[in-house]
Amino acid sequence: MLARFAKVFGVVGLFGLCLLGREETRSQEPAAQNAQAPNSSDGAVVPKGLEVQARGPIHEAFATPTSDPKPTPPLAKKPPAPVEEMPPEEKPDGDVVWIGGYWALDDDRNDFLWVSGCWRAKPQGKDWVPGYWREQGVQWQWVPGFWRNVTEGGNVQDVTYYPEPPAPPNIAAPGNPPAADMLYVPGYWSWVGDHYVWRAGYWTRARAGWVYVPSHYRWTPSGYIFVGGYWDYSLSRRGVLYAPVVVDTVVVGPRFVYTPYYAVTDTIVLDAFFIRPAYHHYYFGDYYGPRYSSIGFESTIVYSRRGYDSLVVYQRWEYRDNPRWYDTQINLVIARDSGRAPVPPRTLVQQNTVINNVTNVTNVTNVNNTNVTNVSNNVTNNVSKTQVLAPAKSVVAARGGKTVTLAQADRVQAKQATQAVQHAALSERIKTETVAPGTPPPTKPRTAAINVPTQPNNSAAALPGNNTKGSNAGNTLGKTGPTSGTTTNAAGPGNPGTSLPHGQDAGKTAAGSDPTKTKGANATTTITRPATTNPELNRSKTGSPPPPPANRDRDKSKDDKKKSPNN
């Protein structure tokens, strides 16, 4: 496949991947004007005006922190018009959806970079509502996206905007897990009647290949959106995360069409993983040192000592047989911050230069095969020989999977679908979430319809690790996951029983609840609180989680466990 890429690019450059037929061809710059010499080890051509980054924001649909919701900082600079983005010609073999990219701030340049779109296996019962930039006079502010609930019939639920939740109470740390196979789910504020009530955290059983995203809120200009807790895929099973790019809009021209090619390796995301709560984003790569700490970057492994991060919680569970793993990661961050340990490269060019400098050295003794220091040609000092970026096909293959080639018509359809979602989300959210200056904060919930179309999956065989067999294999990823919704306290199969919120026994209701109409013994109690598909908050009185999904939790945790490069 890479040979075919090289051949195509040698003739027409990267734009050979972006042709949309005759109509699209007329809207592009000539390939010869935009192509530059290969700057990667696989021979792929990066168009002039593009610089592929080996660090940057992680697409918020791929992974989003659940830290306290706060308004994002306003910026004095207006973001450029969105980049025309064509999905890659290859996708991971599974039921995934293409979610388009967006602009984000690059602090070092004090300018914007493009967060490339991603292939994503959607969490069960969820659909992505993109974020947007809103104008505030001479300033611009990012409003985060969120995963909304979708019914089994494909109907999206209305969105409820709540008053600002209080700060979490000061409670003692949960301590060590009661069993090796358990992880902690933090508490959250639940709206009951006309006020918030704190729902306590609890322990639940971990599941190999699945990350539990706890209940949390997302800030918007007109209120806070509640996202009920749900099971999501582990990072390596979510699809493909592509590298962000710096785009010189003058050089590429107004008719440029961008197709992501380089993906972020699974290991680097978790090895150099940062959180920036004020911007509601994760970041990957080299954000070490006091400068980045002063502007709000913090390693997730360090952040987890005082805050809850579901991805770190899952990692600690994965490495539960290695009692030194957590301390090793903390020490590595400290060493990188102080300059005593090498850091990952920052761009594709730097990565390849460092790798090539090492590869081309022969008959040299005392060469560390992992880290390169004092590299010649004025590249940089103390940069590790770490492959942060690789062609998407290589990244998927490294996790034991494969990619499939998309027909041009399918790529165009995926592009049009994500554009329709982005445009509708921008229009609907601005209409719904715009508030007049001087309007006081809301004091009660408000429900509104956001008419954003659901995005169809690009289906194929299941992603690696699912072990899905039988006639339905190929259509399960993103559709079948850990059981969500309400578990019951009924006796016997087929009895719908009574729906229970977290910690509540049958026949009892919480303050402010309104019973629904009931029939016979199968009466149902409805609690006035944000809707949730959280299986753990509706678990049975035994405290056990819902049963694992068919053909999904057969992964053996030790087989899935990655060896830490730092151990």
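Residues numbered from 1 in each chain as written. Predicted model: local features only at pLDDT ≥ 70, side-chain atom pairs only at ≥ 80, totals over all residues. Heavy atoms only, no water.

1. Here's the deal with the pairing of strand E16 (residues 195-199)
Note: strand E15 (residues 188-192) against E16, five bridges, orientation antiparallel. Note on E16: the bridge partner recorded for Tyr188 is Arg199. Hairpin connection, E15 to E16: the antiparallel pair is bridged by two residues, and Gly193 has positive phi, about 70°. (Pairing = 2+ DSSP bridges. Helix = DSSP H or I, 4+ residues; strand = E, 2+ residues; numbered from the N terminus.)

2. Some words on the packing of aromatic side chains
Evaluated as defined, the whole model comprises 27 aromatic pairs. Between the aromatic rings of Tyr162 and Tyr217, the centroid separation amounts to 6.5 Å while the plane-to-plane angle is 80°, which identifies the pairing as edge-to-face. Separated by 55 residues along the polypeptide, Tyr162 in strand E13 (residues 159-162) and Tyr217 in strand E19 (residues 216-220) bring together distant segments of the chain. Judged by its relative accessible area of 7%, Tyr162 falls in the buried class. Looking at Tyr217, the relative accessible area reads 7%, which means it is buried. Taking 6.1 Å as the distance between ring centres and 85° as the angle between the ring planes, the aromatic pair formed by Tyr196 and Tyr217 counts as edge-to-face. (Phe/Tyr/Trp six-rings, centres within 6.5 Å; stacked < 30°, edge-to-face > 60°. Buried < 20%, exposed > 50% of the residue type's maximum accessible area, 1.4 Å probe, protein only.)

3. Topic: the sheet that holds strand E5 (residues 97-99)
Spatial ordering of the open sheet is given by E5-E8-E22, a layout of three strands whose pairing is antiparallel. In this open sheet, the two strands that pair with only one neighbour each are E5 and strand E22 (239-241). Between one strand axis and the next, the sheet turns through 30° on average, direction left out of account. Relative to E22, strand E8 (residues 118-120) is paired through three bridges, and the arrangement is antiparallel. Residue pairing in the sheet places Cys118 in a bridge with Leu241 of E22. (Axes fitted to C-alpha atoms, helices over the stretch in contact; angles between N-to-C directions.)

4. What to know about the sheet that holds strand E33 (residues 446-448)
Here four strands make up an open sheet; going across it, the order is E19-E20-E13-E33 and the pairing antiparallel. The open sheet is flanked by E19 and E33, the only strands paired with a single partner. Put simply, the sheet's adjacent strands are angled 40° from each other on average, direction ignored. Strand direction decides the pairing type here: E13 and E33, joined by three bridges, are antiparallel. Counterpart to Val159 in the pairing with E33 is Ala448.

5. Details of the nonpolar core
Ranked by size, the top nonpolar core spans 107 residues in total, and within it Leu50, Val52, Ile58, Tyr262, Val269, Ile301 and Leu389 carry the most contacts. In terms of nonpolar packing, the next biggest core, distinct from the first, is built from 11 residues, Tyr132, Val143, Tyr162 and Tyr196 among them. (Core = buried A, V, L, I, M, F, W, Y, C linked by side-chain atoms within 4.5 Å.)

6. So, unusual backbone geometry
Even without glycine at this site, Asn110 takes up a positive phi of about 50°. Tracing the sequence through the fold places Asn110 in the loop between strand E6 (102-106) and strand E7 (111-115). Asn110 sits in the exposed class, given a relative accessible area of 52%. A positive phi angle, near 55°, is found at His280, a position not held by glycine. Summarising the element assignment, His280 is placed in the loop between strand E26 (273-276) and strand E27 (281-284). Residue His280 is classed as buried on the basis of its relative accessible area, which comes to 3%.

7. Concerning the side chain of Arg429
In this structure, Arg429 sits in helix H12 (residues 408-433). A distance of 3.1 Å separates a polar side-chain atom of Arg429 from the backbone oxygen of Pro130. When sequence neighbours within four positions are dropped, the list of residues in contact with Arg429 reads Val129, Pro130, Gly131, Tyr132, Val143, Pro144, Gly145, Phe146, Thr220, Ala424, Thr434 and Ile450. (Polar contact = N/O pair within 3.5 Å; in protein donor to acceptor, adjacent residues only side chain to side chain. Contact = heavy atoms within 4.5 Å.)

8. As for helix H8 (residues 310-318)
Burial analysis of H8 places seven of its nine residues in the buried class, the great majority of the element. Taken together, the buried positions of H8 are occupied by Ser310, Leu311, Val312, Tyr314, Gln315, Trp317 and Glu318.

9. Details of the pattern of salt bridges
Taken as a whole and assessed by the stated rule, the structure comprises 20 salt bridges. A salt bridge links Lys70 to Glu164; the nearest nitrogen and oxygen atoms lie 3.7 Å apart. Of this pair, Lys70 sits in the loop between strand E2 (56-57) and strand E3 (84-85) while Glu164 is found in the loop between E13 and strand E14 (182-185), placing the two residues 94 residues apart along the sequence. The partly exposed category is assigned to Glu164, whose relative accessible area is 45%. (Salt bridge = Lys/Arg side-chain N within 4 Å of Asp/Glu carboxyl O.)

Honestly, that's just the spatial picture; any functional story needs more than this.
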